[in-house]
Amino acid sequence: MASEVWVFAEHQDGVIRKTSLEILGKGRELAGHLGVEMAALLLGSGVDNLAQQLAAYADKVYQWDDPLVRQYNMEVYLQAIANQAEKERPHLILAGATSLARDLFPRVAGRLKTGIAVDCLSLELGEDGFLVARRPLFGGKALVDVVCCHGRPQIALARPNTFPLPDVQGSPKGKIVLLGVEVDTEKVKLENLEVVRSVRERLDLIEAEIIVTGGSGMKTAENFSLLEDLAEILGATVGATRGVVDSGWRPHDDQVGKSGKTVSPKLYVAVGLSGAIHHVMGMDTSKVVVAINKDPRAPIFQYADYGIQGDLFEVLPLLIEELKKGQGKG
Amino acid sequence: MAANILVLIKQVPDSEAMVQVQADGSGVEIEDRYTLNFFDSLAVEEALRIKEHQGSGTVTIITLGTQKSIEALRTAIAMGADEAILLEDPAFAGGDGYATAKALAAAIKGKEYDVILCGREAFDDSSGIVGPLVAEFLGIPHITSVIKIDLSPEEQVVIVEREIEGGKEIIKTPLPVLLAAQKGLNEPRVPPVMGVMKAMRVEIKKLDLAAIGLSQTEAGKAGSLEEILRYHRPPVRSPVTMIQGTAADAVKQLVIYLREEAKVI
């Protein structure tokens, strides 16, 4: 029996995360090439509906449904996934490079004595069926292709927004396999006290399709309301530069760049930011970049597809108006 | 009660350093501009704050590297750390995150410690896997992306805030634990002049492969799981289209481009 391709299905507020859906699409493609089954990994409590949903994408859903795994606990998840992997010996384990996956899967790799590639920008199979993962080095100044020949499974975490969302065809066909959470509680030291999450209507920066980021040119925290208005009309998420975060105008969670988040939206609008290298490192894989800056020599224009040299306080209200017009026309 | 803290650090190229991928994809040339990894400086700072808060304890800095890495160790000593250890051996060369973590864990085994601190990720590689792997090899829990640490050595527990997308998790764990620092944890101090002078004189303790009790096959390239096939230059973006005219005209044109040419809105 050929070993499977596994995709970790992360969910939040009863919804499968967008990045997990992207990886399910990629996993399906790789499993197809390998001629093996793809299984989705689902951990949660009362998640039958999510299992049904995943069954439309995957041949198989491994479902751990237990209050023990309702919330992410690294040590519990680690044991559940590593034990199952030792039993089933999958060929690949794939996940989106979210904060949860980046906390959990290096540890899973260590437990299974295998390698892991993080923040991958492409995942392809070599002739021998090994996974070739391309990942960035030096903040994207170089890329490297790596392969893990010695360990099984090969584990890779892909940058969100790297792979397209898959189409769902027909009704759920995948088989749902219920698994018990058999955890050695002696080995669980971490205790979750609380999860604090602000209610947000928008996707997180790493998953957002469109991002509008403001730099020091915004001048004050209050002026970000202009960007909020632009984001509202575009269905975008608002980002910020290091300077803005260090000034306390926006929380660190909003920071794009080397000491913040690495993002890859289809449209990135950079407003009133110069394009310092540590910022560019966090957004350079965006598909289309628009820069609005009054300084024509601002480095951000070198990383942009479209540029407007102008005063953002003049340009932004006009841009919002123009986009509203288009919406009115439908 | 005193807290013994180990801090894992890395000397990395500065973010401004030129990186050139060789034409045949066999390697990269890096400009000689190195610095203590930013997230690691947060880890050093936090260790010092914990020690200062407790009034006693030790802060030991550990890195795996070459002579070049001594600079980063001296930076940490200048900030106020007590001791610096360099794992240095030709056998360590070419190791991936797995092999590096094996060596660090081997060096730590047998030491007394309450907390191991490290940065969320290193600037050069950005994988963030060495910390969790060291914890795995030592059999202790880890928490990454840490933005607040409330340590009580008397009770041998720590309460930690960890940044997640759109919020934070609050986690309690007994010691020892490995914690990976995220931006927001603190503002690292600038090394005082006295510290810099002390750092120049301090003896860097060196440990080779034999000293940490690993075999040749467990270290460096031989002990690695990841094989590098080739390097690539990043794709180059086409030159920017600067949209001319009055702000009102430029904005109209931009929306047309985004709708009809780029098709992203």
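Residues numbered from 1 in each chain as written. Chains lettered and ligands numbered in written order. Predicted model: local features only at pLDDT ≥ 70, side-chain atom pairs only at ≥ 80, totals over all residues.

Enquirer: Outline the overall build of chain A, supporting the account with residue identities and numerical values.
Expert: Secondary structure summary: chain A contains eight helices and 18 strands in total. In terms of its C-alpha atoms, chain A occupies a principal-axis envelope of roughly 65 × 45 × 40 Å. A burial count over chain A gives 57% of its 330 residues as buried. The long-range fraction of contacts in chain A, counting pairs at least 24 apart against all pairs at least 6 apart in sequence, stands at 64%. (Helix = DSSP H or I, 4+ residues; strand = E, 2+ residues; numbered from the N terminus. Buried ≥ 20, exposed ≤ 12 C-beta atoms within 10 Å, placed from the backbone. Contact = placed C-beta atoms within 7 Å.)

Enquirer: Can you tell me about the overall build of chain B, naming the residues and giving the values?
Expert: When helices and strands are counted, chain B shows seven helices and 15 strands. Along the three orthogonal principal directions, the C-alpha set of chain B runs to about 70 × 45 × 40 Å. Restricting to contacts in chain B with at least 6 residues of sequence separation, those with at least 24 account for 71%.

Enquirer: Describe in detail the interface of chain B and chain A, supporting the description with residues and values.
Expert: In this assembly, 64 residues from chain B lie in contact with 72 residues from chain A. Going through the elements one at a time, strand E3 (19–21), helix H4 (130–138), strand E9 (142–152), strand E10 (157–164), strand E11 (167–174), strand E14 (226–232), strand E15 (241–242) and helix H7 (247–261) of chain B are the ones with two or more residues in the side of chain B that touches chain A. Partitioned by chemical class, the residues of the side of chain B that touches chain A number 34 nonpolar, 14 polar and 16 charged. Strand direction decides the pairing type here: strand E18 (residues 306–309) of chain A and E15 of chain B, joined by two bridges, are parallel. Bridge pairing in E15 of chain B places Gly307 of chain A opposite Met242 of chain B. (Nonpolar A, V, L, I, M, F, W, Y, C, P; charged D, E, K, R; others polar. Pairing = 2+ DSSP bridges.)

Enquirer: Give a detailed account of the sheet that holds strand E1 (residues 5–8) of chain A, specifying residues and quantitative values.
Expert: All names here are of chain A. Ordered by their spatial adjacency, seven strands build an open sheet running E7-E11-E6-E1-E4-E5-E12, and the pairing between neighbours is parallel. With partners counted over all chains shown, the strands left at the sheet margins are strand E7 (116–120) and strand E12 (175–179), one partner each. For this sheet, the mean angle separating the axes of adjacent strands, direction not counted, is 20°. As paired elements, E1 and strand E4 (residues 38–44) share four bridges and run parallel to each other. (Axes fitted to C-alpha atoms, helices over the stretch in contact; angles between N-to-C directions.)

Enquirer: Residues and numbers for the confidence of the model for chain B, please.
Expert: Averaged over all residues, the pLDDT of chain B equals 96, while 100% of them reach at least 70. For this predicted complex, the interface score ipTM comes out at 0.96, alongside a pTM of 0.96. (pLDDT = per-residue confidence, 0-100.)

Enquirer: Can you explain the domain arrangement of chain A? Please cite residues and give values.
Expert: All names here are of chain A. Domains assigned within chain A are domain 1 (5–187) and domain 2 (210–329). Summarising the inter-unit geometry, the C-alpha centres of domain 1 and domain 2 are found 32 Å apart. Counting residues at the interface gives eight residues for domain 1 and seven residues for domain 2. Of the residues belonging to the side of domain 1 that touches domain 2, the class tally is two nonpolar, four polar and two charged. (Domains from an automatic or database assignment.)

Enquirer: Give me the lowdown on the domain arrangement of chain B, citing residues and values where you can.
Expert: When cut into domains, chain B gives domain 1 (3–218) and domain 2 (238–265). Relative to domain 2 of chain B, the C-alpha centre of domain 1 of chain B lies at a distance of 46 Å.

Enquirer: Just give me the short version of the sheet that holds strand E17 (residues 288–293) of chain A, but keep the residues and values in it.
Expert: One open sheet accounts for six strands, arranged E15(A)-E14(A)-E16(A)-E17(A)-E18(A)-E15(B); its pairing is parallel. Looking at which strands have only one partner, the edges of the open sheet turn out to be strand E15 (237–240) of chain A together with E15 of chain B. Of the strands in this sheet, strand E14 (210–214), E15 and strand E16 (267–271) of chain A are in contact with helix H5 (residues 224–234) of chain A, which crosses E14 of chain A at around 170°.

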